[in-house]
Amino acid sequence: MTADTPSASPFEANGLTVALGGRPVLWNVDVRLPARGMSAVVGPNGAGKSTLFKAALGLAPVLTGQVRLLGEPVARVRRRIAYMPQRSSVDWDFPVSARDVAAMGLYGRVGWFRRLSKRHLAAADAALERVGLADFRNRQIGRLSGGQQQRVFLARALAQEAELLLLDEPFSGIDTASEAAILDVLAGLEGEGRHIVCIHHDLRTVAAYFDHVTVLNAVAIASGPPAEALGEETLRRAYDASGLRPRALAA
Amino acid sequence: MSLFWQVDFPALLAAGLASGLCALLGNFLVLRRESLLGDAIAHAVLPGIVGGFMLAGALAASAMLAGALAAALIAAGAIQVVRRLGRIEPGAAMGAVFTVMFAAGVFMLEQAAARNLHIDADCVLYGQLEDILWLDAPDISALPREVWTLAGVFAAAAAAVLLLAKEIRLAVFDPAFAAALGFRPGLIHLGLVLFVAAAAIASFEAVGSILVIAMLICPPAAARLMTDNYRTQILLSIALGTGSAFAGYGLAGFAPALLGASWSLNAAGCIAVVSGLAVAAAALFGPRRLSFASAAASLGRG
């Protein structure tokens, strides 16, 4: 790990505004996540949670404002960041094995045109082992359960050996065994000093799983330890029809 | 030299190369669940081909290729614009763009025919496999131009697929992740569109656009039903494509004679039919076929 100053935020957005298809999805968002502990981003469907990650990674057009990851513009730290998109964003019928997908986490390090070596495949296998899927490495990904597919995605992020992991809904639609396995791996990563930010959908488990939570609905409504940030007033503003929920209602 | 080397061999070579080339590229369309894009590009290049032909005044490969690539880019851009502005599903946007561009191409063809230029709709749709001759047979340099063009595009496509194997696989499977790693999935997709356009133009003179469309989809779809291995699927699709070409050509040449009939069969049409039969066989007997129960269940869910 590099010697980050303890005060540096691994994920910092300032005045971030993003519009997709002519509609504002994020509006003047200020977020500064702490250097230690696991962070969650919560909010209703269509609140712009995934867009926040995509804008941070340069995958969505930023109108105004900026995001700094690990204290730098994303272009300078791509190799140090792992990104796990939502499981539903890919075609799981694709003819690749669990090991093929885990190895994709190494493509950035391998670079353009070059092929994977045996060392890379061993690293992919090690990542699969860490999420408990060593026995499934040759299985086509469509023949895995939802929780196993989620763990393959996590293994791919692990293989990147990143300092900052941005995980979009790692606990969505999976069995309890997979949920426990993923939580265990994330806790281990956090213990190694890596920064973890998850988009999370289940308000009941936020306080148990995370040390810091940001409530988002187009604007950043609250940010802090779950006990403070998840107040009744905050949740009403984020999830109720009143106040700031124009996008989800208009759709 | 025998008639086989002068007439059948060059036709088989052209059909085999065209089918293998389209099958190779079609894998990525099928895996992106954008099979219709091949259909769209194969149709949309027509105004570019005819435009290049009218400007150059002859079947000059370079002028038609430039026209076809420009038309493919316009089509790909127009599909995106229609999709965004019209907020309609991608299939509808492709359908709208390629039918309009194909109609414009047919209109331009008629104008060209009126000016006594040698290009017509039959040639574009069915190709002229029978006219590909190797009269100075053992002389490699005297192989017909269509064969050289196809071989060149095939070699370029195969080289690109080998060189960018992992980048293409990642961009097709998970474009967002590819972009997050700093790869350029948008550029790779654009390259795919351009290669499909180049394959369509290189193939159309010999085998026609109907065969191009069939070969972009049928061999990869059949191979998809037969394996869960990415590399095996691609190699199998090329084998199925060229195999269909040989079988279809043979069927067109010998079936009427065997039946004692005096009529003849269109070779490109026969090849397309054989490739369709390969899909049907893979769907019925392939290892990844859906059982009737699960097919019914998925229909019920849909």
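Residues numbered from 1 in each chain as written. Chains lettered and ligands numbered in written order. Predicted model: local features only at pLDDT ≥ 70, side-chain atom pairs only at ≥ 80, totals over all residues. Heavy atoms only, no water.

Examining the sheet that holds strand β6 (residues 164-168) of chain A
Residue and element names in this part refer to chain A. We apply this condition: For two strands to pair, DSSP has to find at least two bridges joining them. Numbering of helices and strands starts at the N terminus; helices are DSSP runs of H or I of at least 4 residues and strands are runs of E of at least 2. Note on method: axes are straight lines fitted to C-alpha atoms, helices fitted across the in-contact stretch only, with angles between N-to-C directions ranging 0 to 180 degrees. Whether two residues are in contact is decided by their heavy atoms: any pair within 4.5 Å suffices.
Pairing is mixed in the open sheet, where six strands are placed in the order β5-β6-β7-β3-β8-β9. Of all the strands in the sheet, the pair left with one neighbour each is β5 (81-84) and β9 (219-224). Going across the sheet, the axis of each strand differs from the next one's by a mean of 15°, ignoring polarity. As paired strands, β6 and strand β7 (residues 195-199) are joined by five bridges and run parallel to one another. Within β7, the position partnered with Leu-165 by the bridge is Ile-196. Packing of helix α1 (residues 49-56) onto the sheet brings it into contact with β3 (38-42), β5, β6, β7 and β8 (212-217), and relative to β7 it is tilted by some 140°. In the packing of helix α10 (residues 232-239) onto the sheet, contacts are made with β3, β8 and β9, and the angle to β9 comes to roughly 155°.

Comments concerning unusual backbone geometry
Residue and element names in this part refer to chain A. As a reminder of what qualifies: For the exposure calls, accessible area comes from a 1.4 Å probe over protein chains only, and a residue counts as buried if that area is under 20% of its type's maximum, exposed if over 50%, partly exposed in between.
Although it is not a glycine, Asn-28 adopts a positive phi angle of roughly 50°. With respect to the helices and strands, the residue Asn-28 is situated in strand β2 (residues 23-33). Looking at Asn-28, the relative accessible area reads 45%, which means it is partly exposed. For Leu-70, which is not a glycine, the phi torsion comes out positive at approximately 50°. Take Leu-70: it is sitting in the loop between β4 (62-69) and α2 (74-77). Residue Leu-70 is classed as buried on the basis of its relative accessible area, which comes to 7%.

Concerning the environment of A:Tyr239
All names here are of chain A. Here is the rule: N or O atoms closer than or at 3.5 Å make up a polar contact, with two conditions inside protein: a donor-capable atom paired with an acceptor-capable one, and, for residues adjacent in sequence, both atoms drawn from side chains.
Counting through the fold element by element, Tyr-239 comes out in helix α10. A C-alpha to C-alpha distance of 7.1 Å links Tyr-239 and Gly-43, two positions 196 residues apart in sequence. A polar contact is formed between the side chain of Tyr-239 and the backbone nitrogen of Gly-43, at a distance of 3.1 Å.

Quick look at α1(A)
Residues and elements named next belong to chain A. In terms of burial, α1 is largely enclosed, as seven of its eight residues are buried. Of all the positions in α1, only Lys-49, Ser-50, Thr-51, Leu-52, Phe-53, Ala-55 and Ala-56 are classed as buried. Among the residues trailing α1, Gly-58 stands out with phi positive, at a value near 80°.

Describing the pattern of salt bridges
So the rule is basically this: By salt bridge we mean one thing: a side-chain nitrogen of Lys or Arg within 4 Å of a carboxyl oxygen of Asp or Glu.
In this structure the tally under the stated criterion is 18 salt bridges over all chains. Between A:Arg204 and A:Asp202 there is a salt bridge, with its nearest N and O atoms 3.1 Å apart. Via salt bridges that share partners, A:Asp91, A:Asp93, A:Arg143, B:Arg33, B:Arg224 and B:Asp228 belong to a single interconnected network.

Focus on the packing of helix α2 (residues 35-56) of chain B against helix α9 (residues 185-224) of chain B
Residue and element names in this part refer to chain B. We count it as follows: Angles below 35 degrees are treated as roughly parallel, those above 145 as roughly antiparallel, those between 65 and 115 as roughly perpendicular, and all remaining angles as oblique. Residue classes follow a fixed rule: Ala, Val, Leu, Ile, Met, Phe, Trp, Tyr, Cys and Pro count as nonpolar, while Asp, Glu, Lys and Arg count as charged, and any other residue, Gly among them, counts as polar.
Closest axis-to-axis distance for the α2/α9 pair is 8 Å, and the angle between their directions is 75°. Viewed along their axes, α2 and α9 adopt a mutual orientation that is roughly perpendicular. Where α2 approaches α9, its residues Ser-35, Leu-37, Gly-38, Asp-39, Ile-41, Ala-42, His-43, Val-45 and Ile-49 are matched on the opposing element by His-189, Val-193, Val-196, Ala-197, Ala-200, Ile-201, Phe-204, Ser-209, Val-212, Ile-213, Leu-216 and Ile-217. Split into classes, the residues belonging to the contact of α2 with α9 amount to 15 nonpolar, five polar and one charged.

Topic: the sheet that holds strand β1 (residues 11-20) of chain A
Residue and element names in this part refer to chain A. Pairing is antiparallel in the open sheet, where three strands are placed in the order β2-β1-β4. For this open sheet the edge positions go to β2 and β4, each flanked by a neighbour on one side alone. Each adjacent strand pair in this sheet contributes to an overall mean axis angle of 15°, direction not counted. Sheet analysis places β1 next to β2, joined by seven bridges and oriented antiparallel.

Let's talk about the interface of chain A and chain B
As a reminder, the rule being used: The quantity reported as buried area is the accessible area (1.4 Å probe) lost by two parts once they are put together, taken as the sum for both.
Taken residue by residue, the interface counts 30 residues in chain A and 28 residues in chain B. With both chains or domains summed, chain A and chain B bury close to 2,700 Å², and 61% of this area falls on carbon and sulfur atoms. It is A:Pro95, A:Tyr107 and A:Trp112 in chain A that bury the most area against chain B; as a group they hold 25% of the surface buried on that side. Where chain A meets chain B, there are six salt bridges. For A:Arg156, the salt bridge identified is with B:Asp174, shortest N-O distance 2.8 Å. Where chain A touches chain B, the interface holds ten residue pairs in polar contact (both at pLDDT 80 or more). Of all the secondary structure elements, the ones that give two or more residues to the side of chain A that touches chain B are α3 (98-104), α4 (107-110) and α6 (146-159) of chain A.

Re empty space enclosed by the protein
All names here are of chain B. Just so we agree on the cut-off: Only protein atoms enter the 1 Å grid used here, on which a cavity is any set of points holding a 1.4 Å probe that cannot leave and a pocket is any open set flanked by protein within 12 Å on both sides along at least five of seven lines; residues with an atom within 4 Å of a point are listed as lining. Grid points are joined across faces, edges and corners, and a volume is the space filled by probe spheres set on the points.
Per the stated rule, a full pass over the model turns up three cavities of 30 Å³ or more. Considering only enclosed or pocket space, the largest cavity measures out at about 60 Å³ in volume. Surrounding the largest cavity, Ala-42, His-43, Val-45, Leu-46, Ile-49, Phe-102, Val-124, Ala-200, Phe-204 and Ser-209 form its lining. Those elements that place two or more of their residues in the lining of the largest cavity are α2 and α9. Grouping the amino acids of the lining of the largest cavity by side-chain chemistry returns eight nonpolar, two polar and no charged.

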